[in-house]
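# Coordinate analysis (summary)
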Amino acid sequence: MSIPKTFNFGGAVALVTGSGRGLGRMIAETLLAGGAHVALHDISEDAPAAFGEAESLTALAKELSARGPGKVVSVLGDISKEADVAALVKKVEDSLGPISILVNCAGGDIAAKGGKPNPNDALNISLEDMQAVMNRNFVGTMLMCRAVVPGMAKRQKGAVINFGSLNGHIGVVSEVVYGCAKAAILHYTRCLALEMKPNGVRVNAISPGPTTTARFLATRATDPSKMDGVSLERYAKPQEIADAVAFLASDQAGFVNGQVLRVDGGMTLFA
Ligand SMILES: NC(=O)c1ccc[n+]([C@@H]2O[C@H](COP(=O)([O-])OP(=O)(O)OC[C@H]3O[C@@H](n4cnc5c(N)ncnc54)[C@H](O)[C@@H]3O)[C@@H](O)[C@H]2O)c1
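Attention in this report is confined to the structure presented alongside it. (Residues numbered from 1 in each chain as written. Predicted model: local features only at pLDDT ≥ 70, side-chain atom pairs only at ≥ 80, totals over all residues. Heavy atoms only, no water.)

Assigned secondary structure in the chain consists of 7 helices and 7 strands. Here the C-alpha atoms of the chain give a radius of gyration of 18 Å, agreeing with the 18 Å that 2.2 N^0.38 yields for 271 residues. Counting only residues that meet the buried cut, the chain has 49% of its 271 residues in that class. Total accessible area on the chain is roughly 12,800 Å²; 58% of this is exposed by carbon and sulfur atoms. Counting 26 positive and 25 negative side-chain charges, the chain places the averaged centre of each group 6 Å from the other. (Helix = DSSP H or I, 4+ residues; strand = E, 2+ residues; numbered from the N terminus. Rg over C-alpha atoms; globule rule 2.2 N^0.38 Å. Buried < 20%, exposed > 50% of the residue type's maximum accessible area, 1.4 Å probe, protein only. Areas by Shrake-Rupley, 256 points an atom, 1.4 Å probe, with all protein chains shown as cover. Lys, Arg positive; Asp, Glu negative; His and termini not counted. Charge placed at Lys NZ, Arg CZ, Asp CG, Glu CD.)

Structure follows, in structure tokens:
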């Protein structure tokens, strides 16, 4: 028996939504380093520049492409729009081949007009913001799965990793609809995993705790005691989330299906 030293994604084609920046970018870089061909995706060319992570999606694709070893392409589209999703999936498969790893990372607690919904609680959030948050997270994840998973099922091969959040597991007084959207994604993950069992497609989810992406650091006052990067009472580092995604995408997780992996240092401990 040979023991692999690290995850091997040689021959895989990975589409990571929202990978122009933040966690998605770190996941894309990690899968690329493991040998996958990678499709970077974002809602706009300049999304990677919002918090200074790259000049543009095209510039990032060029940078990662030079690094290899896999190929890198970039695609644009709003995951909450069915026509965008169909077009971007087609573009990825036309240029890289059938998608075997889908990471639904795009999302966030963003209001219809940008910024955070305000108010953002259980009773006062506007209908417009409720719909925007549900669309950007839950509906977008479903549309991506609807576009990619049937092909995986036909080929009897594929791994899907969806993104929840700490807020999808615990009661909160702010970011309530965001938490509900993430909880819906986690339940959808279990349902799709069950439906796909006969087809050999694994569907799992990651629920990160607070993680020091550029957006996270730029949009709140952080607690210095949680920045040490070492203890278990701190913010997660983006690479720690990407490593968990890599595990779920890998053959080493071949019998892990329909699960939610909370990567939060043990911040949430319940059955
Ligand atoms: N960073 C954290 O602390 C944290 C914690 C828990 C969960 N999460 C989740 O992890 C994921 C990544 O978070 P991040 O911190 O890297 O955030 P981020 O804002 O840096 O990255 C999110 C990416 O998704 C893209 N995106 C958003 N809406 C989109 C849409 N409708 N269509 C296409 N692309 C869209 C954005 O442009 C951006 O590139 C999100 O789903 C987020 O909810 C993050």
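What follows is about the state of the cysteines. Following the criterion strictly, the structure yields 0 disulfides and no others. Sulfur of C145: no disulfide; nearest cysteine sulfur belongs to C191 and is 12 Å away. Overall, the relative accessible area of 1% leaves C145 in the buried class. Summary of cysteine pairing: C180 is not part of a disulfide, and the nearest cysteine sulfur, belonging to C191, is at 16 Å. (Disulfide = S-S within 2.5 Å.)

This part takes up the site of the ligand. Around the ligand lies a shell of 28 residues, among which D42, R136, Y178, T211 and R215 are the nearest. Interatomic distance of 2.8 Å between a backbone N/O atom of L23 and an oxygen atom of the ligand. For the ligand, whose accessible area on its own is 820 Å², the fraction buried by protein is 96%. Those elements giving two or more residues to the shell around the ligand turn out to be α1 (22–33), β2 (37–42), α5 (176–196) and α6 (214–218). Of the residues in the shell around the ligand, the class split is 11 nonpolar, 11 polar and 6 charged. (Near = heavy atom within 4 Å. Polar contact = N/O pair within 3.5 Å; in protein donor to acceptor, adjacent residues only side chain to side chain. Nonpolar A, V, L, I, M, F, W, Y, C, P; charged D, E, K, R; others polar.)

So, on to the pattern of salt bridges. For the structure shown, the criterion picks out 11 salt bridges. Between E128 and K113 there is a salt bridge, and its shortest N-O distance comes to 3.1 Å. Taken as a pair, E128 in helix α4 (residues 127–155) and K113 in the loop between β4 (101–104) and α4 lie far apart in primary sequence, 15 residues in all. Classification of K113 as exposed rests on a relative accessible area of 70%. By sharing partners, the salt bridges in this structure join R25, E29, E63 and R67 into a single network. (Salt bridge = Lys/Arg side-chain N within 4 Å of Asp/Glu carboxyl O.)

Within the secondary structure layout, R25 lies in helix α1. Polar contacts involving the side chain of R25 include one to the side chain of E29, which spans 2.8 Å. Residues within four places of R25 in sequence aside, it is in contact with G18, S19, G20, E53, A54, L60 and E63. (Contact = heavy atoms within 4.5 Å.)

Before going further, it helps to examine unusual backbone geometry. G68 connects to P69 through a cis peptide bond whose omega is 0°. Residue placement: P69 occurs in the loop between α2 (57–67) and β3 (72–76). At the junction of N118 and P119, the peptide bond is cis and its omega measures out at 0° in the coordinates. Looking at the secondary structure, you find P119 in the loop between β4 and α4. Phi is positive for Q156, close to 60°, though the residue is something other than glycine. Along the chain, Q156 falls in the loop between α4 and β5 (158–163). The exposure class of Q156 is partly exposed, given its relative accessible area of 45%. With phi around 55°, E175 is a residue other than glycine that occupies positive phi space.

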